[in-house]
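# Coordinate analysis (summary)
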Amino acid sequence: MVDIQKNEQVNGELRALYQQYAEAYLSAYRAAFHDPEPPHRINEFGIIDVKQYDGDKGILFIAKETNGWDNADYKADRLFRSWVNGIARNGLAGKGHVGRHPGMWYNLGRWAAYLNGTNRNIDQIKTYKREALQAIGTVAFTNLNKVRGRGSSGKEYWALANTDISGRLLRAELDILRPKIVVCCGTSIVFRTHIELFPGAVISMPHPAARMGSTQMLRRLEEQTRQPEDILSS
């Protein structure tokens, strides 16, 4: 069931969490990335669309990092969660580079659509575009690197993702969100490093921009959810 008030409360708790961890996390980020001009805060993640997210299904995507995020965006409070909410509600128009290379977002939305169980016909889901973007609003989302990365994840990302504070922050996010399903988007190794026990389902997927066809990605998702009705009703 979609509980808008509870979803807003969860996002509020996450916002407070990121404020609490900002100073210590930025210290770890600077040590890993040697960024000469880091932002004044970390990014904000959580439930993408409080009007769509069903906490009973509780799907959380865990990805690596953003490809850049300008200090000006941080200062203007243009943050990841609200930015992705704009994609889910309004599509990719006006999103610059993302709009010209939408494959990653279509793949994420197709995975979300499949897991939500309204349609598990892969031949149909792989054609989704606008439907896929809308489906992104049904999940929660976080990155292991809470600040920003580069065009591809290198040693700096791995150094930051494996720090103790990254693990503590991830565990705190899980405590607040209490997801039923975690989808690791190229992040399975780090997730298992930080999370010894997780009571729900953990699905290991490639990075959504990986050189892999949409059908192949969806088949991989299908293989890990042989009895999806059991997962989604747990």
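Everything in this summary refers to the structure shown in the same document. Counting restarts for each chain, with residues numbered from 1 along the sequence as it is written. Note on the predicted model: pLDDT of at least 70 is required for a residue's local features to be given, and 80 or more for side-chain atom pairs to be given and counted; whole-chain, interface and lining totals, by contrast, use all residues. Just so you know, side-chain values use all the structure's heavy atoms and leave hydrogens and water out.

Attention now goes to the overall build of the chain. Only runs of H or I of at least four residues qualify as helices and only runs of E of at least two qualify as strands under DSSP, and these elements are numbered from the N terminus. Across its full length, the chain holds 12 helices and five strands. Atoms counted for the radius of gyration: C-alpha only. Globule rule: 2.2 Å times residue count to the power 0.38. Taken over C-alpha atoms, the radius of gyration comes to 17 Å for the chain, in line with the 17 Å a tight globule of 234 residues would show. With the C-alpha coordinates of the chain rotated into their principal frame, the extents come out at 50 × 40 × 35 Å. Think of it in three bands: residues with accessible area under 20% of the maximum for their type are buried, residues over 50% are exposed, and the middle band is partly exposed, with areas taken using a 1.4 Å probe on protein chains only. Across the 234 residues that make up the chain, the buried fraction comes to 52%. Considering only intrachain contacts with a sequence separation of at least 6, the fraction spanning at least 24 residues in the chain is 74%. Accessibility throughout is a Shrake-Rupley quantity obtained with a 1.4 Å probe, and a residue counts as covered only by protein chains that appear here. When the accessible surface of the chain is summed, it comes to about 11100 Å², and 47% of that surface belongs to carbon and sulfur atoms. In the chain, 31 positive and 25 negative side-chain charges are present, and the distance between their average locations comes to 4 Å. Here, residues are in contact when the closest pair of their heavy atoms is within 4.5 Å. Charged residues are defined here as Lys and Arg on the positive side and Asp and Glu on the negative side; His and the ends of the chain fall outside this count. A charged residue contributes its charge at one atom only: NZ of Lys, CZ of Arg, CG of Asp or CD of Glu.

The next point concerns the pattern of salt bridges. Salt bridge criterion: a side-chain nitrogen from Lys or Arg within 4 Å of a carboxyl oxygen from Asp or Glu. Summed over all chains, the structure comprises 11 salt bridges. The salt bridge partner of D49 is R89, with a shortest N-O separation of 3.1 Å. Residue D49 is located in the loop between β1 (46-47) and β2 (59-63), and its partner R89 is located in helix α3 (residues 80-90); the two are separated by 40 residues in the primary sequence. On the accessibility criterion, D49 (4% relative accessible area) is buried. Residue class for R89 comes out partly exposed when judged on its relative accessible area of 41%.

As a further point, take the pairing of β2. The side chains of a regular strand alternate, residue by residue, between the two faces of the sheet. Counting buried residues along β2, five of its five residues qualify, which places the element largely inside the surrounding structure. In β2, alternate side chains face the same way, and those of I59, F61 and A63 on one face and L60 and I62 on the other are all buried. Two strands qualify as a pair provided DSSP detects at least 2 bridges between them. Bridge count for β2 against strand β4 (residues 181-185) is four bridges, and the pairing is parallel. By the bridge assignment for β4, L60 is matched with V182. Pairing between β2 and strand β3 (residues 140-143): four bridges, direction parallel. Paired with A63 across the strands is N143, a residue of β3.

It is worth spelling out the sheet that holds β3 at this point. Strand order in this open sheet of five strands is β1-β3-β2-β4-β5, and the pairing throughout is mixed. A strand with exactly one partner marks an edge of an open sheet, and here the two such strands are β1 and β5 (201-205).

The residue R110 is located in helix α5 (residues 103-116) in this model. For the pair R110 and P199, spaced 89 residues apart in sequence, the C-alpha to C-alpha distance is 25 Å.

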